[in-house]
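Tertiary structure, described
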Amino acid sequence: MYDNDNIFAKVLKEEIPCKKVAEGNYFLSFYDINPKANTHVLVIPTGPYLNLHDFAQNASQAEQIGFWQGVDETLETLKLKENGYRLIMNTGINGRQEVQHLHIHILGGNDIGPMVVKR
Ligand code: AMP
């Protein structure tokens, strides 16, 4: 169940400030408050979606296209395409998703090392 008062819903309602990178009808991107790389930015859809599955099943085609174009536009704005980056979408309990509004992490700006997970 989507909570209309989650942190990113409040960012979208401008009740909480953010350091914006880019925005469009269907997405907003902003710097992560606790960066894990030289460049750490989050991209979120403007609609109320919990995770990828909710989004893929319930968002309109315009919302889905607009979100992914927003990820691309954000990568372009950040000038990360040439040297690369990592995208992460933490989902659910095992994925340690903290904020219950779909978001994709963009990490880059330096060599962020190998992908490390606990077994
Ligand atoms: P996760 O849900 O685990 O994928 O991660 C949520 C991310 O949101 C974390 O990296 C936090 O540092 C980040 N975060 C939490 N609150 C804010 C905020 N107000 N502005 C920007 N980033 C935030």
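Residues numbered from 1 in each chain as written. Predicted model: local features only at pLDDT ≥ 70, side-chain atom pairs only at ≥ 80, totals over all residues. Heavy atoms only, no water.

This next bit is on the packing of aromatic side chains. Under the criterion given, the structure shown has 4 aromatic pairs. Judged by centre distance (5.5 Å) and plane angle (80 degrees), the rings of Phe-8 and Phe-30 are edge-to-face. Separated by 22 residues along the polypeptide, Phe-8 in helix α1 (residues 7-12) and Phe-30 in strand β2 (residues 27-31) bring together distant segments of the chain. Accessibility assignment for this pair places Phe-8 and Phe-30 in one class, buried. Ring geometry for Phe-67 versus Trp-68: centroids 5.0 Å apart, planes at 70 degrees, classification edge-to-face. (Phe/Tyr/Trp six-rings, centres within 6.5 Å; stacked < 30°, edge-to-face > 60°. Helix = DSSP H or I, 4+ residues; strand = E, 2+ residues; numbered from the N terminus. Buried < 20%, exposed > 50% of the residue type's maximum accessible area, 1.4 Å probe, protein only.)

Counting through the fold element by element, Ile-93 comes out in the loop between β4 (85-88) and β5 (104-108). You can call Ile-93 exposed: its relative accessible area is 81%. Sequence separation between Ile-93 and Ile-106 is 13 residues, and the spatial gap between their C-alpha atoms is 21 Å.

Looking along a regular strand, one sees side chains alternate from face to face of the sheet. Bridge count for strand β1 (residues 20-23) against β2 is 3 bridges, and the pairing is antiparallel. Bridging from a neighbouring strand, Glu-23 pairs with Leu-28 of β2. Where β1 folds back onto β2 in an antiparallel hairpin, the turn is made up of 3 residues. (Pairing = 2+ DSSP bridges.)

Below, the discussion takes up the site of the ligand. The environment of the ligand is formed by 15 residues, the closest being Asp-32, Asn-90, Glu-98, His-103 and His-105. In this structure, Asn-90 approaches the ligand through a side-chain N or O atom, which is 2.9 Å from an oxygen atom. Between Val-99 and the ligand, the recorded distance is 2.9 Å, taken from a backbone N or O atom to an oxygen atom. Put simply, the ligand lies in the largest pocket. Within the residue set of the shell around the ligand, elements represented by two or more residues are α1 and β2. Across the shell around the ligand, the residue classes break down as 7 nonpolar, 5 polar and 3 charged. (Near = heavy atom within 4 Å. Polar contact = N/O pair within 3.5 Å; in protein donor to acceptor, adjacent residues only side chain to side chain. 1 Å grid on protein atoms, 1.4 Å probe; cavity = no way out; pocket = protein on both sides within 12 Å on 5 of 7 lines; lining within 4 Å. Sits in = over half its atoms within 2 Å of the grid points. Nonpolar A, V, L, I, M, F, W, Y, C, P; charged D, E, K, R; others polar.)

What follows covers the pairing of β5. Most of β5 sits inside the fold, with 5 of its 5 residues counted as buried. Burial along β5 is two-sided: the face carrying Ile-104, Ile-106 and Gly-108 and the face carrying His-105 and Leu-107 are both buried. When strand β3 (residues 39-45) meets β5, the two strands line up antiparallel, connected through 5 bridges. Its bridge partner lying in β5, Val-41 is registered against Ile-106. Summarising the sheet, β4 and β5 pair through 4 bridges and their orientation is antiparallel. Paired with Arg-86 across the bridge in β5 is Leu-107.

Reading across from one edge, β1-β2-β3-β5-β4 is the order of the 5 strands in this open sheet, with antiparallel pairing throughout. The sheet is open, and its two edges are formed by β1 and β4, each paired on a single side. The sheet shows a mean angle of 20 degrees between the axes of neighbouring strands, direction not considered. Contacts from helix α3 (residues 61-77) reach β1, β2, β3, β4 and β5 within the one sheet, and its direction differs from that of β3 by about 160 degrees. (Axes fitted to C-alpha atoms, helices over the stretch in contact; angles between N-to-C directions. Contact = heavy atoms within 4.5 Å.)

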